[in-house]
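Listed below are the residues making up each chain.
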Amino acid sequence: MTAAGTREWRMVAFLDHEDDPATMANPVHSTDFARELGFAGPLVAGATVWGWSVPAILETLGDTWLDKGWARFRFRQPVYPGDEVRITLSPQEGGAFALRMINPAGVDCVAGEVGLGANAVLAEFDAAERMDPAPGPEPQPELRVDPALVGADWTPMAVDASPETLRAYMQLSHRSDDPRFTGDAARLHPAWLVARAEALMRHNFAISSSIHTRSEVEFLAPAPVGGAVVTVGRCVAVYERKGRPLVEFDCLVRGPGGRDLARMRHTTIFDATAGVS
C-alpha cells in the first residue's frame, strides 16, 4: 500500500560495464571484490542508481527541474544487477516530493527528496577558489582522515562533454535514447553531473575502492552538451564512523565560459575495505 498521492515506477537494475575489477576505477562494482567485502554481488554505482529515478522526477516536476531543481539522497542498501527496483515519489509540504527506491525485499535502497528551487542545505556551500583545470598530482597521495585536509581546494578536473560522450553514457548507464539527453542539442544528464564528484576525488587522490553514501545537489542553469566541463571542489570534512573513513566535499560543475551548472555536497566512504575482517 502506498500513501495518498504516491506514484510508482519500476525498473530492473543492471551493470553498466564488464564484471572485471582490472578494467574499472572502483572494484566494488565487480562480483569477486564485492563478495570479499560481504556483499551479495557487485554494487551498481550510486550515481547510476539514483539516475534511474530521473524519468520519474521529470514526469512529476517537469523539465524545469533540470535547470532549477534540487535533490538530496542517501544510500541505505546496495542495489544489485537483476534487482527489480520500485521508484516512488510522494508529495510533501512545500512542493517537494519524497523519493524512495525499494528493492525486491521491500527495503529502501535509496531515500531522499526532490523539488524545484534552491537546496537549503547548500546555503552553507563552501566554494572553492581554485578554478583552472590541471592534471592531477603525481604521484597521487592517499586520502586519509587528516584534519589538515579540511578547507583545502582540490585540483580542478576538465572532462569532455561532447554529444558523443553523453550519447555513449546514456547507452551504457541508462540504456536510453531519451532525446533530452542523446541528441546533438541535448542536455547533460543529472546523474552524469553528479558522477563528476567521484571522478574529481580520483583525479586528486589514489583511491582503491569507495562507496558513495549521500549527496545534496542543486542544478543552477541549463547544461547543454558540448565543450569541456570543469569540476572544482573543496574538502569540508573528513572523519571516521563505525571504523570507516568518510570524506565530505563541495563540488561546483562549470560549463563552457565558466557558467555554473550544478553544485553539490558529496559524501563517500573512501576505503571500502576499512572495518572488514
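A brief look at the structure comes next. (Residues numbered from 1 in each chain as written. Predicted model: local features only at pLDDT ≥ 70, side-chain atom pairs only at ≥ 80, totals over all residues. Heavy atoms only, no water.)

### As for helix 5 (residues 163–174)
Reasoning step 1: In this model, helix 5 (twelve residues) spans 15 Å end to end at C-alpha, consistent with the 16 Å of a helix rising 1.5 Å per residue.
Reasoning step 2: Buried residues of helix 5: P163, L166, Y169, M170, S173 and H174, and no others. For helix 5, the buried positions fall inside an angular range of 125° around the axis, keeping them on one side. Facing away from the buried side of helix 5, by more than 90 degrees, are the exposed residues E164 and Q171.
Reasoning step 3: Buried residues along helix 5 sit in contact with helix 2 (46–51), helix 6 (179–182) and helix 7 (190–204).
Reasoning step 4: A positive phi of about 50° marks R175, the residue just after helix 5. (Helix = DSSP H or I, 4+ residues; strand = E, 2+ residues; numbered from the N terminus. Expected span 1.5 Å × (residues − 1). Buried < 20%, exposed > 50% of the residue type's maximum accessible area, 1.4 Å probe, protein only. Arc of directions from axis to C-beta. Contact = heavy atoms within 4.5 Å.)

### Quick look at the nonpolar core
Reasoning step 1: Ranked by internal contacts, the top residues of the largest apolar core, which has 64 residues, are W50, W52, W65, L188, W192 and V247.
Reasoning step 2: Sort the elements by how many residues they give to this core and helix 7 lands first, with seven residues. (Core = buried A, V, L, I, M, F, W, Y, C linked by side-chain atoms within 4.5 Å.)

### Some points on the sheet that holds strand 4 (residues 97–102)
In a beta sheet, neighbouring strands are held together by backbone hydrogen bonds and run either parallel or antiparallel to one another.
Reasoning step 1: Reading across the sheet, the ten strands line up as 1-3-4-5-2-7-10-9-8-6 and stay open at both edges, with antiparallel pairing between neighbours. Two strands lie at the open edges of the sheet, namely strand 1 (7–12) and strand 6 (157–160), each paired on one side alone. Ignoring which end each strand starts from, the neighbouring axes of this sheet average 20° apart.
Reasoning step 2: Against the sheet, helix 7 touches strand 2 (69–75), strand 6, strand 7 (211–219), strand 8 (228–241), strand 9 (244–254) and strand 10 (260–269), its axis set at about 55° to strand 10. (Pairing = 2+ DSSP bridges. Axes fitted to C-alpha atoms, helices over the stretch in contact; angles between N-to-C directions.)

### Focus on empty space enclosed by the protein
Reasoning step 1: Summed over all chains, the structure comprises one cavity of 30 Å³ or more.
Reasoning step 2: Computed from the structure, the largest cavity encloses a volume of approximately 50 Å³.
Reasoning step 3: If you go around the largest cavity, the residues you meet are L66, D67, R187, L188, P190, L193, F219, P222 and A223.
Reasoning step 4: Of all the secondary structure elements, the ones that give two or more residues to the lining of the largest cavity are helix 4 (64–68) and helix 7.
Reasoning step 5: Tallied by class, the residues present in the lining of the largest cavity amount to seven nonpolar, no polar and two charged. (1 Å grid on protein atoms, 1.4 Å probe; cavity = no way out; pocket = protein on both sides within 12 Å on 5 of 7 lines; lining within 4 Å. Points joined across faces, edges and corners; volume = space filled by probe spheres on them. Nonpolar A, V, L, I, M, F, W, Y, C, P; charged D, E, K, R; others polar.)

### Quick notes on the layout of surface pockets
Reasoning step 1: Volume-wise, the second largest pocket comes out at about 210 Å³.
Reasoning step 2: Along the walls of the second largest pocket sit 17 residues, with G51, W52, S53, V54 and P55 positioned nearest its centre.
Reasoning step 3: In terms of residues, the lining of the second largest pocket owes the most to one element, helix 3 (residues 54–61), which gives four residues.
Reasoning step 4: The residue makeup of the lining of the second largest pocket, split by class, is ten nonpolar, five polar and two charged.

### Some details on the pattern of salt bridges
Reasoning step 1: Summed over the entire model, instances satisfying the criterion amount to 19 salt bridges.
Reasoning step 2: D250 serves as the salt-bridge partner of R265, at 2.6 Å between the closest nitrogen and oxygen. Residue R265 is found in strand 10, and its partner D250 is found in strand 9; the two are separated by 15 residues along the sequence.
Reasoning step 3: Accessibility expressed as a relative area gives 15% for R265, which makes it buried.
Reasoning step 4: Here the residues in one salt-bridge network are E8, R10, E84 and R86, joined through shared partners. (Salt bridge = Lys/Arg side-chain N within 4 Å of Asp/Glu carboxyl O.)

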